[in-house]
Structures are given as C-alpha cells and as structure tokens.
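# Working through the structure, step by step
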Amino acid sequence: MSELFELLIGEGIEEDEEELGWQERALCAQTDPESFFPEKGGSTREAKKVCLACEVRSECLEYALNNDERFGIWGGLSERERRRLKKSAV
C-alpha cells in the first residue's frame, strides 16, 4: 500500500512541476521583479516590454486568470487589464 501511495504522490508532484514548468522559462525570472509589481501609479512599460518577448506569455496570463492574481504584470497585462479581459469573456 505504501508503494501505491508514493506512486500517487509522485505523479501529483510531476503534474504540478509540468504545469508550472513555464515559470522556469519566463523572461521575468531573469529580470528585476520589482518592475512587475510597480507602486500604485508607477509605470508598467518595462515589464510589458519584457513580456512581449517572452515565449511563455500565454501560459503566464492563463495562470494569472485561473488563480485570480490581483497584483503585478502577468502575461503582459496589468491587474486592471486582466479584470477587463475576464469581464469581456463572460
């Protein structure tokens, strides 16, 4: 029974790693994280510029929408832009 339990736990971990593997390829992981979480009224230009060149932009945006991320730039969109996108999809 413990082998089955270990097997099931191991599969769950692998699925989580595969699901979030895009984060390792994200360009934001290689840049200053503060630009992705600007102060209120601060510029989002630099973060969005990084997102435009990122190969996992769509995965990032999907993650933010599915997890209701309320702060920061995700997939090239601000929280306000993501909120608008969600409203228009409904």
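Residues numbered from 1 in each chain as written. Predicted model: local features only at pLDDT ≥ 70, side-chain atom pairs only at ≥ 80, totals over all residues. Heavy atoms only, no water.

The name an unreviewed UniProt entry assigns to the protein chain is Transcriptional regulator WhiB, from the organism Kitasatospora gansuensis. UniProt, in its Sequence similarities (unreviewed entry) section for the protein chain, records the words "Belongs to the WhiB family." Its UniProt record gives the protein chain a comment under Function (unreviewed entry), which states: "Acts as a transcriptional regulator. Probably redox-responsive. The apo- but not holo-form probably binds DNA." (UniProt positions renumbered as here; feature names shortened; annotations may be inferred.)

Turning to the nonpolar core, a few remarks are in order. Within the largest apolar cluster, 7 residues are counted, these being Trp22, Ala26, Cys54, Val56, Cys60, Ala64 and Trp74. Not counting the four nearest positions on each side in its chain, Trp22 is found in contact with Val56, Glu59, Cys60, Tyr63 and Trp74. (Core = buried A, V, L, I, M, F, W, Y, C linked by side-chain atoms within 4.5 Å. Buried < 20%, exposed > 50% of the residue type's maximum accessible area, 1.4 Å probe, protein only. Contact = heavy atoms within 4.5 Å.)

Here the focus is the confidence of the model for the protein chain. When pLDDT is averaged across the protein chain, the result is 84; 79% of the residues are at 70 or more. Across residues 4-9 the pLDDT falls below 50, and counting only partners more than four positions away or on other chains, this stretch makes 0 contacts in the model. Contacts from residues 11-15, a stretch scored under 50 in pLDDT, to residues over four places away or in other chains number 0 contacts. (pLDDT = per-residue confidence, 0-100.)

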